[in-house]
Amino acid sequence: MFLSFIYKLKSFHFQTILPISMFHLCFLFLLLSPVKSNGENITTFPAILIFGDSTVDTGNNNYITTAVKANHYPYGKDFPTHFPTGRFSNGKLSVDFLASMLGVKESIPPFLYPGLSTYELVTGVSFASAGTGYDTLTTAITRVLPMSKQVEYFKSYSERLKKIVGEKETRRIINRALVAVSAGTNDFIFNFYDVPTRRAEFNIYNYQEFILERLHDFVKVCACVNLCS
């Protein structure tokens, strides 16, 4: 279903996608709202897996060598712990709220956090890295985790999960997990506007198509990792 959605995206430009996506995001929240039975949330998603940039990075950049970090005040001042977590936000991110709404868990931990519990691994993590993008030139500037590295961590996650719950249950969890991918803004900021490297190769419309192709490639690689693991 996710792959078919990406194929449909290829026929649009970002200007068209963004307003429509916001409407569908609100609809998605309503559609995915868990049914309550005996006061308990029931969700069809056993886990949530996150890829992308600062919009969904829950703290991975705290554990890599980069200047792109949110480990200081005022970040985190409205988080339940009132402490900076590495999220580029004063509190929770949208994916944290989504996980809570679906009854999966209250917040999503970063995969690189060294103290991940079994429960946190089983119910999902974020592989995202603030400052990344689909264009490989983006991380050459920001020195954060490229999308390809996030796929490698996804492979590692799958292997760790197998050691905890076994191969069959790992496949079930990943196959039924809700996957969120949020990136692309940094590609345009760093490579087209601030440092117009790509503007020498593309006009804005062609660069949009280039980024959509990279997104398409990313989804295919993730699907291959899942099928081949």
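Quick caveat, the model's predicted, so the values are computed rather than measured.

A. Looking closely at the pattern of salt bridges. Summed over all chains, the structure comprises 9 salt bridges. Put simply, Asp78 and Lys77 hold a salt bridge, and the shortest N to O gap is 3.3 Å. Judged by relative accessible area, Lys77 falls into the partly exposed class, the value being 35%. Between Glu106 and Lys92 there is a salt bridge; the shortest N-O distance is 3.6 Å. Here the residue Glu106 occupies a position in the loop between α3 (94–101) and α4 (118–123), and Lys92 occupies one in the loop between β3 (48–52) and α3, the gap between them amounting to 14 residues. Residues joined by salt bridges that share partners form a network here, namely Asp135, Arg198 and Glu201.

B. Layout of the side chain of Thr132. Within the fold, Thr132 resides in the loop between α4 and α5 (136–142). For Thr132, a relative accessible area of 0% translates into the label buried. Only 2.7 Å separates the side chain of Thr132 from the backbone oxygen of Leu145, close enough to count as a polar contact. In this structure Thr132 touches Gly52, Asp53, Thr138, Thr139, Val144, Leu145, Pro146, Met147, Gln150 and Asn186, once residues within four positions along its chain are discounted.

C. Highlighting unusual backbone geometry. Here the bond from Tyr73 into Pro74 is cis, since omega is 10 degrees, no more than 30 degrees from zero. Unusually for a residue other than glycine, His82 sits at a positive phi of about 55 degrees. Inspection of the secondary structure puts His82 in the loop between β3 and α3. You will see that Arg143, though not glycine, has its phi angle at about 60 degrees, which is positive. Here Arg143 lies in the loop between α5 and α6 (147–165). In this structure Arg143 comes out as exposed when scored by relative accessible area, which is 58%.

D. Focus on helix α7 (residues 167–176). Those residues of α7 that fall on the buried side of the exposure criterion are Thr170, Ile173 and Ile174. The buried residues of α7 occupy one face: seen down the axis, they fall within an arc of 90 degrees.

E. Representation of the packing of α6 against α7 within the structure. The contact between α6 and α7 brings their axes to 7 Å, and the two run at 130 degrees. Between α6 and α7, the angle falls in the class oblique. Of the two possible hands of crossing, α6 and α7 adopt the one that is right-handed. Contact residues: α6 offers Phe154, Tyr157, Ser158, Leu161, Lys162 and Val165, while α7 offers Glu167, Glu169, Thr170, Ile173 and Ile174. Per-class residue counts for the contact of α6 with α7 are 6 nonpolar, 2 polar and 3 charged.

F. Fine view of the environment of Ser156. By secondary structure assignment, the location of Ser156 is in helix α6. Taking the relative accessible area as the measure of exposure, Ser156 reaches 32% and is therefore partly exposed. Separated by 45 residues in the primary sequence, Ser156 and Phe111 place their C-alpha atoms 9.8 Å from one another.

G. Structural context of the environment of His72. Tracing the backbone through its elements, the reader meets His72 in the loop between β3 and α3. Exposure remark for His72: the relative accessible area of 40% places this residue in the partly exposed category. In sequence terms His72 and Arg87 are 15 residues apart; their C-alpha atoms lie 10.0 Å from each other.

H. Looking closely at α6. When the terminal C-alpha atoms of α6 are compared, their 27 Å separation across 19 residues agrees well with the 27 Å that a helix rising 1.5 Å per residue should span. By the burial criterion, the buried members of α6 are Met147, Gln150, Val151, Tyr153, Phe154, Tyr157, Ser158 and Leu161. Buried residues of α6, seen end-on, are gathered within an arc of 160 degrees and therefore sit on one face of the element. Gly166 sits one or two positions beyond α6 and adopts a positive phi of about 95 degrees.

Rules of the game
Residues numbered from 1 in each chain as written. Predicted model: local features only at pLDDT ≥ 70, side-chain atom pairs only at ≥ 80, totals over all residues. Heavy atoms only, no water. Salt bridge = Lys/Arg side-chain N within 4 Å of Asp/Glu carboxyl O. Buried < 20%, exposed > 50% of the residue type's maximum accessible area, 1.4 Å probe, protein only. Helix = DSSP H or I, 4+ residues; strand = E, 2+ residues; numbered from the N terminus. Polar contact = N/O pair within 3.5 Å; in protein donor to acceptor, adjacent residues only side chain to side chain. Contact = heavy atoms within 4.5 Å. Arc of directions from axis to C-beta. Axes fitted to C-alpha atoms, helices over the stretch in contact; angles between N-to-C directions. Parallel < 35°, antiparallel > 145°, perpendicular 65-115°, else oblique. Left-handed = near helix turned anticlockwise from the far one by under 90°. Nonpolar A, V, L, I, M, F, W, Y, C, P; charged D, E, K, R; others polar. Expected span 1.5 Å × (residues − 1).

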